Amino acid sequence: MNITDVLAGYDLTHLSIGALGGHSGLDVAHGANQFGFRNVIVAQEGREKTYTEHFRKRDENSEYERGCIDEVIVVKKFKDILQKSVQDKLRKLNTIFIHNRYFWVYFDDFSKVENDFAVPIFGSRTLLKLEERDQPYSQYHLLQDAGIRTPKIFERPEDIDRPVLVKAAEAQRGYERAFFIAGNRLSWEQEGKRLEKEGRVSMNWRKAAIEEFVVGAHVNFNFFYSPLAGELELMGTDTRRQTNLDGFLRMLSAEQQRALASGIDLKMIETGHIACTVKESILEKAFDLGWKFVKQTQKLSKKLDPSGKGIVGPFALQGAVVAEEGKEDIVIFDVSMRIPGSPGTFATPYSGYLYGSSMSVGERVALELKRAKEEKRLSEVVT
């Protein structure tokens, strides 16, 4: 597969921007429209109405035009995007694909996307797998090599000496989280066994990462690195909504005790995000972390990224702001190596401070592609 050859065969006057139908598909589609591109969504059968009905374009020839979805390709399963017929359609539409979390978790292994998806991808093909903690070189190594503070990692449950978060996977959906909290080796064993017996965590939960539980204000720092400008931008900040934890936290103390006594199990499944802001005194520290991350991915380029590009476009450093000895620090416990699932970050003011009005990540991606096309530099931002 030679993406350079694929790109050379494209009609650059009729480029489309594509995404899978989920996670951030609507944000990508809307952003494409804002900067003169058509869009194409690959939707899974049974989950396609969001794109074929609710947000499809209609009234295109009137002043009351609504919707943002131009084209939809419906497949039985998301992984069917690898079928030759689907890829042929995407290339016929001159598609630049925007990968998101969905694009990776619904495939059997990363190599199929890296090697068999013959459509240009905006950003890196090979760095995405570093999000997974079971990789030989994972996000933990990347963050540590970049000099970014992370929670203490416990290699053995016998060493647990404080509250920890065990980052186990769900039994039913291995790509989703079934995290649980423990305070020592005994509680780690008891809670893990209980959740396994109930079919809530995967059977290999004992191999799950054990992280120090960081007590602080959760903030996701959503960045965009532009290789065209050589600049790092903060697109926005947000925090998470998790079920059923959020509902539990809204109870009074007595109600929480009754709920726990009745057998309610706390879950930390992400269901949404809330736009939030941070104090300006934290911004410089956040940018420092962002630059460290960008530079470390560039150092890794020869080893892990054959394109030699490092991170391109959107990424997020997710963590908590902690207060220690009269000062604040940022501890990063998760990384997104692609577009975040939080389109609401445009509601924070940071992109507006730079561009005059707030911009979503989907819009920023389209703006970068527009500039790359006009300057004949698409090869610098796709792989």
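Residues numbered from 1 in each chain as written. Predicted model: local features only at pLDDT ≥ 70, side-chain atom pairs only at ≥ 80, totals over all residues. Heavy atoms only, no water.

Engineer: Whenever I open this one, the overall build of the chain confuses me. Can you help?
Structural biologist: Along its length, the chain carries 14 helices and 12 strands. For 383 residues, the compact-globule estimate of 2.2 N^0.38 gives 21 Å, and the chain sits close to it at 21 Å. Its C-alpha atoms put the chain at 60 × 45 × 45 Å along the principal axes. Taken over 383 residues, the chain has a buried fraction of 51%. (Helix = DSSP H or I, 4+ residues; strand = E, 2+ residues; numbered from the N terminus. Rg over C-alpha atoms; globule rule 2.2 N^0.38 Å. Buried < 20%, exposed > 50% of the residue type's maximum accessible area, 1.4 Å probe, protein only.)

Engineer: Where do I start with the environment of cysteine 68 in this structure?
Structural biologist: Looking at where cysteine 68 falls in the secondary structure, it is placed in the loop between helix H3 (49-54) and strand S3 (71-75). Looking at cysteine 68, the relative accessible area reads 10%, which means it is buried. Taking the C-alpha atoms as reference points, cysteine 68 and proline 343, separated by 275 residues in sequence, lie 15 Å from one another.

Engineer: Can you walk me through the sheet that holds strand S7 (residues 209-212) in this structure?
Structural biologist: Through backbone hydrogen bonds, the strands of a sheet pair up, either in parallel or in antiparallel fashion. Reading across from one edge, S6-S5-S7 is the order of the 3 strands in this open sheet, with antiparallel pairing throughout. Edge positions in the sheet fall to strand S6 (180-182) and S7, since each has one partner strand and no second. Neighbour-to-neighbour, the strand axes of this sheet turn through a mean angle of 35°, independent of strand direction. Of the strand pairs in this sheet, strand S5 (residues 164-167) and S7 are connected by 4 bridges, and their pairing is antiparallel. Directly across from valine 166, in S7, lies its bridge partner isoleucine 210. Docked against the sheet, helix H8 (residues 185-197) engages S5, S6 and S7, running at close to 155° with respect to S6. (Pairing = 2+ DSSP bridges. Axes fitted to C-alpha atoms, helices over the stretch in contact; angles between N-to-C directions. Contact = heavy atoms within 4.5 Å.)

Engineer: Help me understand the pattern of salt bridges in this model?
Structural biologist: Side-chain pairing between opposite charges can occur once the charged atoms of the two side chains come close. Evaluated as defined, the whole model comprises 36 salt bridges. As a salt-bridge pair, aspartate 70 and arginine 38 come within 3.7 Å of each other at their nearest N and O atoms. You can see aspartate 70 sitting in the loop between H3 and S3 and its partner arginine 38 sitting in strand S2 (residues 38-44), a full 32 residues away along the chain. The class for aspartate 70 is buried, based on a relative accessible area of 17%. (Salt bridge = Lys/Arg side-chain N within 4 Å of Asp/Glu carboxyl O.)

Engineer: What is the right way to look at the packing of helix H2 (residues 25-34) against helix H14 (residues 361-374) in this model?
Structural biologist: The geometry of a pair of packed helices is captured by two quantities: the angle between their axes and the separation between those axes. Running from N to C, H2 and H14 point in directions that differ by 45°, and their axes come no closer than 7 Å. If you check the angle between H2 and H14, you find them oblique. Here H2 runs over H14; the crossing is right-handed. Residues Asp27, Val28, His30, Gly31, Ala32 and Gln34 of H2 touch H14, and the partners they reach there are Val361, Gly362, Glu363 and Ala366. Across the contact of H2 with H14, the residue classes tally to 4 nonpolar, 4 polar and 2 charged. (Parallel < 35°, antiparallel > 145°, perpendicular 65-115°, else oblique. Left-handed = near helix turned anticlockwise from the far one by under 90°. Nonpolar A, V, L, I, M, F, W, Y, C, P; charged D, E, K, R; others polar.)

Engineer: Could you clarify how one ought to interpret the sheet that holds strand S1 (residues 16-20) in this entry?
Structural biologist: Taken together, the 4 strands give an open sheet; going across it, the order is S3-S2-S1-S4, and neighbouring strands pair in parallel fashion. Bordering the open sheet on either side are S3 and strand S4 (95-97), each of which pairs with just one other strand. Adjacent strand axes in the sheet meet at a mean angle of 25°, parallel and antiparallel pairs treated alike. In this fold helix H4 (residues 84-92) packs onto S2, S3 and S4, with an angle of close to 170° to the strand it touches most, S3.

Engineer: Explain the packing of aromatic side chains to me, please; I cannot follow it from the model alone.
Structural biologist: Each aromatic ring pair is characterised by the separation of its centres together with the angle its planes make. This structure, assessed with the given rule, holds 14 aromatic pairs. With 6.4 Å between their ring centres and 25° between their planes, phenylalanine 122 and phenylalanine 224 make a pair best called stacked. Of the two residues, phenylalanine 122 is situated in the loop between helix H6 (110-116) and helix H7 (139-146) and phenylalanine 224 in strand S8 (residues 217-226); the sequence distance between them amounts to 102 residues. Since its relative accessible area comes to 2%, phenylalanine 122 is described here as buried. For phenylalanine 224, a relative accessible area of 0% translates into the label buried. The ring centre of phenylalanine 154 lies 5.1 Å from the NZ or CZ of lysine 152, which sits over that ring. (Phe/Tyr/Trp six-rings, centres within 6.5 Å; stacked < 30°, edge-to-face > 60°. Lys NZ or Arg CZ within 6 Å of the ring centre and 35° of its normal.)

Engineer: Can you help me understand H2 in this one?
Structural biologist: Along an α-helix, residues three or four positions apart point the same way, because every turn accommodates 3.6 residues. Along H2, the positions that sit buried rather than exposed are Gly25, Asp27, Val28, Ala29, Gly31 and Ala32. The inward-facing, buried residues of H2 contact S1, S2 and H14. Once H2 finishes, glycine 36 follows within two positions and takes phi at roughly 85°, a positive value.

Engineer: Help me out: how do you make sense of unusual backbone geometry in this one?
Structural biologist: A negative phi holds for most residues other than glycine; trans holds for most peptide bonds. Phi is positive for histidine 23, which is not a glycine, with a value near 70°. Secondary-structure assignment places histidine 23 in the loop between S1 and H2. Residue classification places histidine 23 among the partly exposed residues on the basis of a relative accessible area of 27%. Residues other than glycine seldom take positive phi values, yet asparagine 94 does so here, at roughly 55°.

Engineer: Help me understand the pairing of strand S11 (residues 313-324), please; the structure alone is not making it clear to me.
Structural biologist: Side-chain direction in a regular strand flips from residue to residue, so the side chains alternate between the two faces of the sheet. When you tally the buried positions in S11, you get 10 out of 12 residues, the bulk of the element. Here S8 runs beside S11; their pairing, made up of 9 bridges, is antiparallel. For asparagine 222, the partnering residue across the bridge sits in S11 and is alanine 316. Judged from the 9 bridges that link them, S11 and strand S12 (residues 327-336) form a sheet pairing that is antiparallel. In the strand pairing of S12, valine 321 is matched with isoleucine 330.

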